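Now for the letters of each chain:
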Amino acid sequence: MKKKLISMLLTGVMAASLLAGCGGTAAPAAPAAPAAEAPAEEAPAEEAEEKVEEVAEDVEEAAEEVKEEAADAGSGELISVGFAQVGHESDWRTASTKSCQDVFSKENGYDLSFVDCDNDEAAQKEAVRSFIEQGVDYIIIDPIIATGWDTVLTECEDAGIPVIVIDRTIDDSDKYVSWVGSDFLTEGKAAGEWLKAYVDAQGIKEVNALIIQGTIGSSAQIGRTDGFQEIADREGWTVLDKQTGDFTEAGGQEVMESYCKSYAGKFNVVICENDNEAFGAMTAMDNAGVKYGPGNDVILISYDACTAGLKEVQAGKITADFECNPLAAPTVEGVIKTLESGGTPEAQILVPDNWYALKDAIVDFSVDGNAQKMIEVTDEVIEAQY
Ligand code: GYE
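Just so you know, these numbers come straight off a predicted model, no measurement behind them. (Residues numbered from 1 in each chain as written. Predicted model: local features only at pLDDT ≥ 70, side-chain atom pairs only at ≥ 80, totals over all residues. Heavy atoms only, no water.)

S.K.: Mind showing me how you'd approach the overall build of the protein here?
M.R.: Helices and strands together make up the secondary structure of the protein, namely 12 helices and 15 strands. Looking at the protein as a whole, 46% of its 386 residues are labelled buried. Of the contacts formed within the protein by residues at least 6 apart in sequence, a portion of 72% connects residues at least 24 apart. (Helix = DSSP H or I, 4+ residues; strand = E, 2+ residues; numbered from the N terminus. Buried < 20%, exposed > 50% of the residue type's maximum accessible area, 1.4 Å probe, protein only. Contact = heavy atoms within 4.5 Å.)

Below, the structure written as structure tokens:
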């Protein structure tokens, strides 16, 4: 843009000086003219000279602006952010990544270095160290697992780079500014309390549950497993087995295939710690001839409530879906803006979640004494989801 302006101005200067030149030489070459005509002959030359000066000033100004812009870009007018993302294991993760990339865009004033760590803890630490080397302004981490962070976070601290934790929590270090995410323990308890109210309403006396866990050691897995287990213990339910499906569809299918063999006819509840595992479990149950969903032998519970998950609720496959909102990036940006303006952001910022089911599976329940509201899955609700 600026280049074009300069070349236009330069063309202007050349044209004007040509004009000025013509005026200058024309006067002496002209044959003796009547006195009255002399000023009229000088005028174009003066005008042209003025024009040249004007244009030259404009060019100087434009050049100055270009220089300033280049300096700004070089000195990092864009805020540089490194994001060490967990991976790409689920619909939830895809929504989270997109949200971050949308928020931390060039247009919004950011220079984002994004690393997909492919669920590899060592790669994630390496990504953080590469951000330190780059000297980014801020580091965002979605920790694959909750422990093992203190050393690398100390390195961030020593480098003077503020760290913001998004989604999953870090449990063995406090060397970060803020955490923005959902309350996984509450999600797990909500699933348990809903199940209690639902089986009571259905007149189901016994609960024999199978759990397909998320990535072991991730705070999302720990919270959901512990929250549900707390209610199961209180109610005296049987948890037949817990195995990880690593938050993936393939993992969910594999674990459910083995459950279908080992526990055939013995279970009436399957809890998948995310939607993608639930999709895999559905395939395995379909293949084994197990009927699930509202009104069927097996109650299928899931977490995340992404669009694809809610579609399976609507289709009568997933009985209840406990949301985990993946759109935390705008809140993380708020933290960065607070830091940029010299303020102190809150240490913990909770992203609120909703619980979803079809009308017949909506029951009243409380979590830690707080009454919960479930949302009925409709086309509009699905449309509005991520
Ligand atoms: O539930 C799952 C994802 O950390 C809350 O990770 C997130 C979990 C989410 O892969 O789908």
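S.K.: When you look at the site of the ligand in this model, what are you seeing that I'm missing?
M.R.: Taken together, 13 residues lie around the ligand, and Glu89, Asp167, Arg168, Arg224 and Asp304 are the ones closest in. Glu89 has a polar side-chain atom sitting 2.3 Å from an oxygen atom of the ligand. In this structure, an oxygen atom belonging to the ligand sits 2.8 Å away from a side-chain N or O atom of Asn274. Among the secondary structure elements, those contributing two or more residues to the shell around the ligand are helix H3 (91-103) and helix H7 (219-235). Grouping the amino acids of the shell around the ligand by side-chain chemistry returns 5 nonpolar, 2 polar and 6 charged. Three or more residues apiece are contributed to the shell around the ligand by two domains, here domain 1 (81-182 + 329-335) and domain 2 (184-326 + 353-384). (Near = heavy atom within 4 Å. Polar contact = N/O pair within 3.5 Å; in protein donor to acceptor, adjacent residues only side chain to side chain. Nonpolar A, V, L, I, M, F, W, Y, C, P; charged D, E, K, R; others polar. Domains from an automatic or database assignment.)

S.K.: What is the right way to read the side chain of Ser96 from this model?
M.R.: Mapped onto the elements, Ser96 comes out in helix H3. Residue classification places Ser96 among the buried residues on the basis of a relative accessible area of 3%. The contact partners of Ser96, leaving out residues within four places of it in the chain, are Gln85 and Pro326.

S.K.: Looking at this model, I keep getting lost on the pairing of strand E2 (residues 110-116). Mind explaining?
M.R.: On any regular strand, side chains alternate: one points to one face of the sheet, the next to the other face. Bridge count for strand E1 (residues 79-85) against E2 is 7 bridges, and the pairing is parallel. By the bridge assignment, Ala84 is partnered in E2 with Val115. In this view, the connection linking E1 to its parallel neighbour E2 by way of H3 has right-handed handedness. (Pairing = 2+ DSSP bridges. Right-handed = clockwise from strand over helix to strand, strands pointing away.)

S.K.: Which parts of the structure should I look at to understand the side chain of Ser90?
M.R.: Checked against the element boundaries, Ser90 lands in the loop between E1 and H3. In this structure Ser90 comes out as buried when scored by relative accessible area, which is 6%. Setting aside anything within four residues of it in sequence, one finds Ser90 in contact with Phe247, Asn274 and Asn276.

S.K.: How do you make sense of the pairing of strand E8 (residues 269-272) when you look at a structure like this?
M.R.: Every second residue of E8 is oriented toward a common face, with Val269 and Ile271 on one face and Val270 and Cys272 on the other, all of them buried. Inspection of the sheet shows strand E6 (residues 208-213) paired to E8 by 4 bridges, in the parallel sense. Looking across to E8, one finds that Ile211 is bridged to Ile271.

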